[in-house]
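Chain residues, written in single-letter form:
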Amino acid sequence: KPVPGKRDRQQLANMFAKNAAAATAGGVKRKTHEGGGGVYAHKVAQDADALLEDILAGVGGADDGAMAAAAFTPRAPRAHAPPPRAAPLSIPTNQFRRPAPLQPPSVAATPSTVLKPSMVTPSAPRPGGATAARPAPKVTFAGDHGAIPAAGASAANDEYYIPPPRSPRSSLRDDGAGGDDADNDNGDGAHADDDDDAEDMDADDGPPSPAAVAAAAKRSILKAAPDAAPPSPTPAPAAAAPPVASAAAGDWAAVFDNADPSVAPTMDAAPATIADDGSLPLDPDATLPFFFLDAHEDDKAPGSVFLFGRVPVNATNPNGETVSACAVVRNMQRCMFAVPRPEAFADTEGEISALEAAAAAAAAADDPDTAKKAKGALLRCLQARAADVKLEIREMLLSRGIEQFTMKPVKRSYCFERDDIPRGVQYVIKVRCPAASPALPSELKGRHFVTILGTQAPMLEHLMVKSRIMGPSWIALHGASLISSGQQQSWCKLEVNMTGGHKSVRPPASSGVTRDAPALTVAALNLKTVVNHRANVNEIASASIVYMRDVRVDQPTPTEAWRPTSAKAASATSVRHFSVVRALDGVTMPPGWNQVVTNENQVHPVALRTKSTVLSSVPSERALLHVLLARLYQLDADVIVGHNIQGFDLDVLLHRLQSNKVANWSRVGRMKRQKFPNLGGGGQSFGGGAGFGTLSCFAGRLLADTYLAARESLREVSFTLTSLSKSRLKYDRAEVASTDIPEKFGTAANLLSLVKATETDAWLSLGLMFNINVLPLTRQLSNIAGNLWAKTLQFTRAQRVEYLLLHEFHARKYLMPDKLSAKERKFGRGAGGGAGA
């Protein structure tokens, strides 16, 4: 028996590698070569199992000659060739029909699509009667029905069958075969390569090798034996079968059931409007009462801050109707503090201390003239001491183009981390200049001063701290003047202008009219999206808004205000809604859909109460966005609610508005804009918060994300809408996958069920917000911390703590340190020597 040498072993190793590569590529077998001479002439026709037997025979003893001879016996050719595969069925051209991608696509530049887990969208079926179109394919994932369907049954019912995951080695082989058999209708191509292996093993003249036996046992575990009875496949539902309504959908329909059908629904009152005679509803002290909700500082309008809230229609009625309003605070002043060097106000002779004592005694004597003279003497002394510091600051400001400024010495305290600033009470130079002028660097130093604090403070923060605005509350606007509708910078019903800076905004007088918090309009938004695989983006297929007017924010909303309390009584009469659905590209609306839309707008109780359209059908996504923006502007909602709305819906909505170049896109908020901000950033995952650019588009409207609220307030295992609806609202929600949405366009009944599912999800989000008491609780937190209500709704604890400290330190006359930049937080403060935390 010849002994394999080094060269022979190398040839065997190369053949092993080629055979493994062929198996990975799809299990392709080498053809058997006939003829040839020599002992190893037939080696080309051997596969991995025979080669393994060859090696075992080569390293064995003399007693293994019989086994070696059997191992070197050439393998017989295949008894028959595998049957040819059937040609794949022709599929109509449609960008919504694409093969299943290995990785779910996401919104372009915004991969926050985890909320919509199904990304493979088959095309919608054609309407009945069309001969050229075929029904939509049905994709079956192994494990959806509890058992793996048989090969023949899977092909009989479904066009696409995705097998269950296997071990890594077998999965590689199945992936190579499954790509060719994805469109095979006979269902036998999924394991064609495995069948070939079995045929090769059965056709051998000699006994199977140990490796072949092990491979056959492994394959028997991964797939059922041919003789075993296949499990009964789950029958495919009929295309025209009516959808099964969930418990939540049933209660959503019961919200609008009339207790007495013979009685016509009561008409809704028209929204309140402000008088058009140019007058403002002023209080007796000539101030405009304004309930503060939100604020925004625009980089394109430096020195101005936009306040959003509500103004009473009639100031004499404390708890009357209100309208949305915007107050533009102009001529904001930047307030900075220059810390002089210790020798500037060194009181070695006690002159400053004596003047301070005299001023304090005069103020306590309740003599205005004497107190004024004593204070003037102290100020003249301090001005003389600070002459050199003021001269240096003046030259510095003039060199930067700042010509309007004021400077005066004031007494402040410092207690923070910088070592170059003396701690305790000291005199500093207060510098005020217009905020529209260029900002000074944060690390300025001079010959006579150590540093200047407050150079980078935003004007919104300065306004809230100086005007003592403690969250959403009533404030008094001084010197407000009405702005005509043609010159407004907002979409509010009323806009006023104030030129006095932060002094125009003050807390209301204690002797004034006492008012409760006004009722707000709350709208829940829900979008159903499909994936356009050609553009690799999410597109909006339907949108629904469920809203309620007169929602109180100072107390919990009763349950009977938004959900039915009995089977017959429709107690939730304040709930309203409207929906918009559009035709998918290349797909027409199903037969009878126009009659469904007409009937919905004629007989639905909401349509009768509001005298408006509750269901709109449009031909394109651009038209859907136009209708949605027009209805949002007409509704003028104060709060927009949704589940994971900051992680998905807002991002998709803004990108579709940008892609379709929709005019007046800024109506999603209350600030008029022409150019989109940077829409990047944010959480980019399920439950992630939106980025700064996305949130700025909704300035003026509060965003209540029930996912963020539930994660902050509740202890649950899962925070999805389905789980929270079951645990908190006791409703079973029916989920609609993104892949199932195109199939809904096959019949009018299925398309109407998609609209109702969109409305139901919006209604559940609204009910979940009321159940958790999101608005009352976050309002109280904002009143305590003195920050923006919109930031509290994002549940940013750090900003609440920051504003709480800002208000307290400002009341105690402390110098506040500048915020550190990202570079300073990483490497420390450049000039001060103190490392930022």
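Refer to the structure presented above.
In this report, we go over the structure that sits alongside the text. Fair warning: this is a prediction, and the values are worked out from it, not measured in the lab.

Before going further, it helps to spend a moment on the overall build of the protein. Within the protein one finds 24 helices and 19 strands. Once local pairs closer than 6 in sequence are excluded, the contacts in the protein between residues at least 24 apart make up 72%. Summed over its atoms, the accessible surface of the protein is roughly 40,200 Å², and 55% of this surface lies on carbon and sulfur atoms.

What follows concerns unusual backbone geometry. Of note in this structure, Asn 664 is not a glycine but carries a positive phi near 55°. Mapped onto the fold, Asn 664 is located in the loop between helix H16 (645–659) and helix H17 (692–697). A positive phi is found at Asn 773, a non-glycine position, where the angle reads about 60°. With respect to the helices and strands, the residue Asn 773 is situated in the loop between helix H20 (748–772) and helix H21 (774–785).

Under the definition given, this model contains 11 aromatic pairs. Residues Tyr 707 and Phe 719 carry aromatic rings whose centres are separated by 6.3 Å and whose planes lie at 85° to one another, so their mutual orientation is edge-to-face. Of this pair, Tyr 707 sits in helix H18 (residues 706–713) while Phe 719 sits in the loop between H18 and helix H19 (721–727), and the two are 12 residues apart along the sequence. We note that Tyr 707, like Phe 719, is buried. An aromatic cluster is defined as three or more aromatic residues linked by ring pairs; in this entry it consists of Tyr 414, Phe 416, Phe 809 and Tyr 814. Seen from the ring of Trp 474, Arg 515 lies directly overhead, with NZ or CZ sitting 5.6 Å from the centre. Sitting over the ring of Trp 491, Lys 672 keeps its end group 4.8 Å from the ring centre.

Among the 5 residues of strand E9 (residues 449–453), 5 are classified as buried, and the element is accordingly described as predominantly covered. Relative to E9, strand E6 (residues 333–340) runs antiparallel, the two being bridged by 4 bridges. The residue bridging Pro 340 from the neighbouring strand is Phe 449, located in E9.

Below, the discussion takes up the sheet that holds E9. The strand order across the open sheet formed by 4 strands is E7-E8-E6-E9, and the pairing between neighbours is antiparallel. Of all strands in the sheet, those bounded by a partner on one side alone are strand E7 (406–414) and E9. Strand-to-strand twist of the sheet, defined as the mean angle between neighbouring strand axes without regard to direction, takes the value 30°. Sheet topology note: the E6/strand E8 (residues 424–434) ladder contains 6 bridges and is antiparallel. Its bridge partner being in E8, Phe 337 is matched across the sheet by Lys 430. Strands in contact with helix H10 (residues 368–385) are E7 and E8; relative to E7, the strand with the most contacts, it is inclined by about 95°.

About the cut-offs
Residues numbered from 1 in each chain as written. Predicted model: local features only at pLDDT ≥ 70, side-chain atom pairs only at ≥ 80, totals over all residues. Heavy atoms only, no water. Helix = DSSP H or I, 4+ residues; strand = E, 2+ residues; numbered from the N terminus. Contact = heavy atoms within 4.5 Å. Areas by Shrake-Rupley, 256 points an atom, 1.4 Å probe, with all protein chains shown as cover. Phe/Tyr/Trp six-rings, centres within 6.5 Å; stacked < 30°, edge-to-face > 60°. Buried < 20%, exposed > 50% of the residue type's maximum accessible area, 1.4 Å probe, protein only. Lys NZ or Arg CZ within 6 Å of the ring centre and 35° of its normal. Pairing = 2+ DSSP bridges. Axes fitted to C-alpha atoms, helices over the stretch in contact; angles between N-to-C directions.

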